[in-house]
Amino acid sequence: MHLPSACYLPDGDGYVATALTIGPWDPGLQHAGPPAALLAREVERTGGIPGGQTVRLAYDVLGPVPVGPVRVEARVLRPGRRIELVEATLTAGGRTAMRVTAWRMRSRDAADTATPPQPAAVGPEDARPAVFDVFREEVAYHRALDWREASGSLTGTGPAAAWTRPLCALVEGEPMTPLEHLLVMTDAASGISAELPWDRATFANVDLVVALFRQPAGEWLGMDATTTIGPGGVGQCSAELHDTTGRIGRSVASLFVEPR
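The name recorded for the protein in an unreviewed UniProt entry is Thioesterase family protein, from Geodermatophilus arenarius.

Here it is as C-alpha cells:
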C-alpha cells in the first residue's frame, strides 16, 4: 500500500489534495480535518504578533471540499500588538468551501499562576491500536494519523477517547506542527463518538469551534468526545482536547443528522 507523504502538495499559488484527505461519505470529497488544518496554518502565517498563540478557531463549513486543487487566503481583521483577529478562507472550484476566524494573543511567562496540568486517565502508551472499517477507500483520511483507542470504540457508537500522532506532513516538505495536527484530528470527534451507526445515518458537521488555553505540544495528541442528538435531528459533539502533559482546551461542533 503506497501512502502519499502529505495531505497537500504545493501547486503554484495553491495546493492539490492527496488521497489522505478523502472522507468517509464520498471518495471525491475531503474530510474536514485536513482543510481545517490548512486554514490554521494560513492563520499562523498571516498573524502579526511575534510568538503569539492562537486561542480560538471558529470554522464554518460552507460546502463540500472536493479532493483536488484548493486555495487559501488570509487577512487580519483586527490588528493589535497584544490581541488580533485573523480570517482565512479556503476556495475550491471557484467557490468558498470553508472559512475560519481566529483570535490570537501575545504569549508571556505566567507559569506561576497557571492551573496545574490535568493528565488524561489513559495515555497513548496504554491505548489500543484502532482499526477503521467506515472508509470506502483503502487510502484515505484515517491513514494520515496513527489512531489509538483510549476508551470506547472509534468505529462503534457512544462516547470515545483517542490518541493520535501524525504519519505524514500536512503540506509536502514541512513537518506537521502540533496545532496543525490538532485540527487534522479534532474534526473527527463526531465520528469516533457517533450515537448512530454509520450505515443508518449521516451526521455531517456544519461548524467547528476549537478553544485553547494552552498550545498543543509533542507527538501525541488526544480527544475525549461525546455526541448528543436532539429530538429535531440536530446533534452536537463536544470534546476535551489534551496532549501528554494534560488538557489544553475543548471543541464543539453542530451536526446535521439525517437517515441514509
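(A) Main features of the overall build of the protein. Broken down by element type, the protein carries 3 helices and 15 strands. For a compact globule of 260 residues, the expected C-alpha radius of gyration is about 18 Å, and the protein comes in at 17 Å, within 12% of that figure. Here the C-alpha coordinates of the protein stretch approximately 50 × 45 × 40 Å along the principal axes. Expressed as a percentage of the 260 residues in the protein, the buried residues total 49%. In the protein, once contacts between residues fewer than 6 apart in sequence are set aside, the share between residues at least 24 apart is 64%. With an accessible surface of roughly 12100 Å², the protein has 51% of that area assigned to carbon and sulfur atoms.

(B) Fine view of the packing of helix α1 (residues 33-46) against helix α2 (residues 178-186). It is at 7 Å that the axes of α1 and α2 come closest, and there the two elements cross at 150°. The orientation of α1 relative to α2 falls into the category roughly antiparallel. The way α1 lies across α2 gives a crossing that is right-handed. Of the residues in α2, those in contact with Gly-33, Pro-34, Ala-36, Ala-37, Ala-40, Arg-41 and Glu-44 of α1 are Leu-179, Glu-180, Leu-183 and Val-184. The residue inventory of the contact of α1 with α2, partitioned by class, reads 7 nonpolar, 1 polar and 3 charged.

(C) Here's a closer look at the nonpolar core. Tyr-59, Trp-147, Leu-182 and Leu-183 are the most contacted members of the largest nonpolar core, which totals 66 residues. When residues of this core are assigned to their parent elements, the largest contribution, 6 residues, is made by α1. Residues Ala-127, Ala-161, Trp-163 and Trp-220 belong to the second largest nonpolar core, which totals 5 residues.

(D) Focus on the UniProt feature "domain: Acyl-CoA thioesterase-like N-terminal HotDog" (unreviewed entry) in the protein. Per the UniProt record, "domain: Acyl-CoA thioesterase-like N-terminal HotDog" (unreviewed entry) is found at residues 23-105. Taken end to end, residues 23-105 has its terminal C-alpha atoms 33 Å apart, with 17% of it in helix and 48% in strand.

(E) Structural detail: the packing of aromatic side chains. The tally for this structure, following the rule as stated, stands at 7 aromatic pairs. What links up through ring pairs into an aromatic cluster is the set Phe-132, Phe-135, Tyr-141 and Trp-147.

(F) Layout of the UniProt feature "domain: Acyl-CoA thioesterase-like C-terminal" (unreviewed entry) in the protein. According to UniProt, the "domain: Acyl-CoA thioesterase-like C-terminal" (unreviewed entry) feature falls on residues 124-250. End C-alpha to end C-alpha, residues 124-250 measures 19 Å, and it is 10% helix and 42% strand.

(G) Quick peek at the pattern of salt bridges. Counted by the stated rule, this structure contains 16 salt bridges. For the salt bridge of Arg-99 with Asp-60, the shortest nitrogen-to-oxygen distance reads 3.2 Å. With Arg-99 in strand β6 (residues 95-105) and Asp-60 in strand β3 (residues 53-61), this pair connects stretches of sequence that are 39 residues apart. Since its relative accessible area comes to 37%, Arg-99 is described here as partly exposed. Note that Arg-71 is salt-bridged to Glu-73, the shortest N-O span being 3.7 Å.

(H) Structural detail: the side chain of Glu-87. Mapped onto the fold, Glu-87 is located in strand β5 (residues 83-92). One polar contact links Glu-87 to Arg-75, side chain to side chain, over a distance of 2.8 Å. Beyond its immediate stretch of four places on either side in the chain, Glu-87 contacts Glu-73, Ala-74, Arg-75, Leu-77, Val-100 and Thr-101.

(I) Expanded view of the side chain of Ser-193. Following the sequence through the fold, Ser-193 ends up in the loop between α3 (189-192) and β11 (201-205). Within the structure, the side chain of Ser-193 is placed 2.7 Å from the side chain of Thr-227, a separation counted as a polar contact. For Ser-193, the contacting residues outside a window of four places in its chain are Gly-158, Pro-159, Ala-160, Ala-225, Thr-226, Thr-227 and Cys-237.

(J) Representation of a positive patch on the surface in the model. Residues Arg-78, Arg-81, Arg-82, Arg-106 and Arg-108 make up a contiguous surface patch of positive charge. Within the secondary structure layout, Arg-106 lies in the loop between β6 and β7 (128-129).

(K) Examining α1 more closely. Taking 1.5 Å of rise per residue, the 14 residues of α1 would be expected to cover 20 Å, and the 20 Å separating its terminal C-alpha atoms lies within 8% of that figure. Counting buried residues in α1 gives 11 out of 14 residues, a clear majority hidden from the surface. Turning to α1, its buried residues number three or more, namely Gly-33, Pro-34, Pro-35, Ala-36, Ala-37, Leu-38, Leu-39, Ala-40, Arg-41, Glu-42 and Val-43.

(L) The arrangement of the environment of Gly-158 in detail. Mapped onto the fold, Gly-158 is located in the loop between β8 (145-151) and β9 (160-166). Judged by its relative accessible area of 10%, Gly-158 falls in the buried class. The sequence separation of Gly-158 and Ser-193 amounts to 35 residues, and the corresponding C-alpha distance is 5.2 Å. Ignoring sequence-local partners within four residues, the contact set of Gly-158 consists of Ile-192, Ser-193, Ala-194 and Glu-195.

Rules used in this analysis
Residues numbered from 1 in each chain as written. Predicted model: local features only at pLDDT ≥ 70, side-chain atom pairs only at ≥ 80, totals over all residues. Heavy atoms only, no water. Helix = DSSP H or I, 4+ residues; strand = E, 2+ residues; numbered from the N terminus. Rg over C-alpha atoms; globule rule 2.2 N^0.38 Å. Buried < 20%, exposed > 50% of the residue type's maximum accessible area, 1.4 Å probe, protein only. Contact = heavy atoms within 4.5 Å. Areas by Shrake-Rupley, 256 points an atom, 1.4 Å probe, with all protein chains shown as cover. Axes fitted to C-alpha atoms, helices over the stretch in contact; angles between N-to-C directions. Parallel < 35°, antiparallel > 145°, perpendicular 65-115°, else oblique. Left-handed = near helix turned anticlockwise from the far one by under 90°. Nonpolar A, V, L, I, M, F, W, Y, C, P; charged D, E, K, R; others polar. Core = buried A, V, L, I, M, F, W, Y, C linked by side-chain atoms within 4.5 Å. UniProt positions renumbered as here; feature names shortened; annotations may be inferred. Phe/Tyr/Trp six-rings, centres within 6.5 Å; stacked < 30°, edge-to-face > 60°. Salt bridge = Lys/Arg side-chain N within 4 Å of Asp/Glu carboxyl O. Polar contact = N/O pair within 3.5 Å; in protein donor to acceptor, adjacent residues only side chain to side chain. Patch = residues over 30% accessible without salt bridge, like charges linked within 9 Å, V, L, I, M, F, W, Y side chains within 5 Å. Lys, Arg positive; Asp, Glu negative; His and termini not counted. Charge placed at Lys NZ, Arg CZ, Asp CG, Glu CD. Expected span 1.5 Å × (residues − 1).

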